[in-house]
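Coordinate inspection notes
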Number of protein chains: 2
Amino acid sequence: MLVMQPFPFQDLPGRPCPIAASLELVGERWSLLVIREVSLGNHRFSEIAQGTGAPRDRLSARLSALVTAGVLERRPYSTSPPRSGYHLTDAGRDILPVLQGLLQWGNRWLTDEPPVVLHHAPGERAGHEVDGEWTCRTCGEPVAGSPVERVLTPAGHRLVGLPVEADDHDR
Amino acid sequence: MLVMQPFPFQDLPGRPCPIAASLELVGERWSLLVIREVSLGNHRFSEIAQGTGAPRDRLSARLSALVTAGVLERRPYSTSPPRSGYHLTDAGRDILPVLQGLLQWGNRWLTDEPPVVLHHAPGERAGHEVDGEWTCRTCGEPVAGSPVERVLTPAGHRLVGLPVEADDHDR
DNA sequence: GCGAGTCGGTTTGATATGCAAACCTATGCT
DNA sequence: AGCATAGGTTTGCATATCAAACCGACTCGC
């Protein structure tokens, strides 16, 4: 299932952490908005530029980086002139819950009148606004509020407090 | 429930979108890692600096911005010398699912040997790794894969395709 | 064939931001 | 006094970002 380049966690500036690693790939400005646009069905350079508001040179750089990272793929839709659209890979689709989390957080805390909300089961009578929470697929329980333990592998550093620096009492 | 400043969605560079608005507050480099550190129990400047690896001046700027945004609050823990720690507000705690999403995505796609994983119900025999998904609290169904409709308010622009520009055929 | 327009970028030059390292203030410790 | 620690701020330089101009390949209308 691992199609992307293994990420060198130990090269991260702070603690070796999957969150920091993820942000190295998709945390730069415009990157997540590019993924949003593509997920909305806007696959072309000009559409993504309009939807995000990103400068064209930044957009070009981000698109290349996201393709290299394996989050997007280029897919030709015309040979003359040669034109390609950008589409989500499996990894790209798998990051959409993060965007839904940001959407819900923004709607909850930043406004009384959300410009866009998600509706569940839109055709049915019982359609309702999505009220998302992060839930464990294995046991069905919400992750927030459950007893959760963070388990570290040897490279994982200490979670709380300062790491013990290399001992220098002998110099 | 809205304790933060209402965000001017219409001032965003691209479409007026809660995701973009959220990223304006927490999308800059180091911000989400600062929130991660505080959520781990590292409340002091030097602890956060160590845990994130952020330069001290950047950290200072991010902490101030996050306090202003209402994601963190300063809480004095010593009067002489005057010292404060940084703690999550309700809004700050509410963004942790986004970090869990990034954690899981990084663990899934960036490595075979995650440096840190979340374990559910650690004391019990049935403890297991968290396999999170974004689920609707109202109906209990996963959001991914369900029929979901994006509902726009008037300010929400078109989701797909380019917006119709102001007509200029008469000049 | 010719001019205008579109698409997907790249280049340019000014501005803003990020960075490491040094510095500063207040305090405690001996 | 002399040194150490915490929590920053300042400095000087490097990098990234931005808006705007430019470019090559093509299409369309005539």
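Check the entry above for the structure.
The following refers to the structure shown. For clarity, every value in this text was computed on a predicted model and none was experimentally measured.

Another aspect to go through is the environment of Leu 88 of chain A. You can see Leu 88 of chain A is positioned in strand β2 (residues 82-88). Sequence separation between Leu 88 of chain A and Leu 72 of chain A is 16 residues, and the spatial gap between their C-alpha atoms is 4.6 Å.

This brings us to the packing of aromatic side chains. All names here are of chain B. For the coordinates displayed, the defined rule picks out three aromatic pairs over all chains. Both rings, one in Phe 7 and one in Phe 9, keep their centres 5.9 Å apart while their planes meet at 80 degrees; by these two values the pair is edge-to-face. One exposure class covers both Phe 7 and Phe 9, and it is buried.

Next up on the list: the relation of the copies chain B and chain A. For the pair chain B and chain A, the superposition axis carries a translation of 0.0 Å, the fit reaches an RMSD of 0.0 Å, and the rotation angle comes to 180 degrees. Taken together, these values place the two copies in the relation of a two-fold axis. Relative to the rotation axis, the C-alpha of Trp 134 of chain B is the closest in chain B, positioned 2.4 Å from it.

Residues in contact with DNA strand C amount to 17 residues; listed here are only the nearest, Arg 56, Ser 60 and Tyr 77 of chain A together with Arg 58 and Arg 62 of chain B. Expressed as a percentage, the sugar and phosphate content of the atoms of DNA strand C within 4 Å of the protein is 70%. In the environment of DNA strand C, a phosphate oxygen lies 2.8 Å from a nitrogen or oxygen atom belonging to the side chain of Arg 29 of chain B. Among the secondary structure elements, those contributing two or more residues to the surface near DNA strand C are α3 (45-52), α4 (56-69), β1 (72-79) and β2 of chain A together with α4 (56-69) of chain B. When the residues that make up the surface near DNA strand C are grouped by side-chain class, the tally is six nonpolar, three polar and eight charged.

Bringing the nonpolar core into the picture now. Within the largest apolar cluster, 85 residues are counted, with the highest numbers of intra-cluster contacts made by Ile 35, Trp 105 and Leu 110 of chain A together with Val 26, Ile 35 and Trp 105 of chain B. Not counting the four nearest positions on each side in its chain, Trp 105 of chain A is found in contact with Leu 110 of chain A together with Met 4, Ser 22, Leu 25, Val 26, Val 71, Ala 91, Asp 94 and Ile 95 of chain B.

Quick look at the sheet that holds strand β6 (residues 148-152) of chain A now. Pairing in this open sheet of three strands is antiparallel, and the strands run β6(A)-β3(B)-β4(B) from one edge to the other. A single partner strand is all that each edge strand has here, and the edge strands are β6 of chain A together with β4 (128-129) of chain B. Pairing of strand β3 (residues 116-120) of chain B with β4 of chain B, which is carried by two bridges, proceeds in the antiparallel orientation. Residue pairing in the sheet places His 120 of chain B in a bridge with His 128 of chain B of β4 of chain B.

Glancing now at the protein's contact with DNA strand D. Neighbouring residues of DNA strand D: 18 residues in total, closest Arg 58 of chain A together with Arg 56, Ser 60, Tyr 77 and Arg 83 of chain B. When atoms of DNA strand D within 4 Å of the protein are sorted by moiety, sugar and phosphate together comprise 70%. Measuring from a phosphate oxygen of DNA strand D, one finds a side-chain N or O atom of Arg 58 of chain A at 2.4 Å. Arg 83 of chain B has a polar side-chain atom sitting 2.6 Å from a base nitrogen of DNA strand D. If you list the elements that add at least two residues to the surface near DNA strand D, you get α4 of chain A together with α3 (45-52), α4, β1 (72-78) and β2 (83-88) of chain B. Looking at the surface near DNA strand D residue by residue, the class counts come to six nonpolar, three polar and nine charged.

Let us now look at the interface of chain B and chain A. Of the residues lining the interface, 99 residues belong to chain B; the matching set on chain A comes to 99 residues. Between chain B and chain A, a total of about 8900 Å² is buried, with carbon and sulfur atoms accounting for 66% of that surface. Considering only the surface of chain B that becomes buried against chain A, Trp 105, Trp 109 and Trp 134 of chain B emerge as the three largest contributors, covering 11% of it. Counting across the interface, chain B meets chain A through 10 salt bridges. The tally of links between chain B and chain A comes to 34 residue pairs in polar contact (both at pLDDT 80 or more).

About the thresholds
- Residues numbered from 1 in each chain as written.
- Chains lettered and ligands numbered in written order.
- Predicted model: local features only at pLDDT ≥ 70, side-chain atom pairs only at ≥ 80, totals over all residues.
- Heavy atoms only, no water.
- Helix = DSSP H or I, 4+ residues; strand = E, 2+ residues; numbered from the N terminus.
- Phe/Tyr/Trp six-rings, centres within 6.5 Å; stacked < 30°, edge-to-face > 60°.
- Buried < 20%, exposed > 50% of the residue type's maximum accessible area, 1.4 Å probe, protein only.
- Least-squares fit on C-alpha atoms with pLDDT ≥ 70 in both.
- Near = heavy atom within 4 Å.
- Polar contact = N/O pair within 3.5 Å; in protein donor to acceptor, adjacent residues only side chain to side chain.
- Nonpolar A, V, L, I, M, F, W, Y, C, P; charged D, E, K, R; others polar.
- Core = buried A, V, L, I, M, F, W, Y, C linked by side-chain atoms within 4.5 Å.
- Contact = heavy atoms within 4.5 Å.
- Pairing = 2+ DSSP bridges.
- Buried area = accessible area lost by both parts, 1.4 Å probe.
- Salt bridge = Lys/Arg side-chain N within 4 Å of Asp/Glu carboxyl O.

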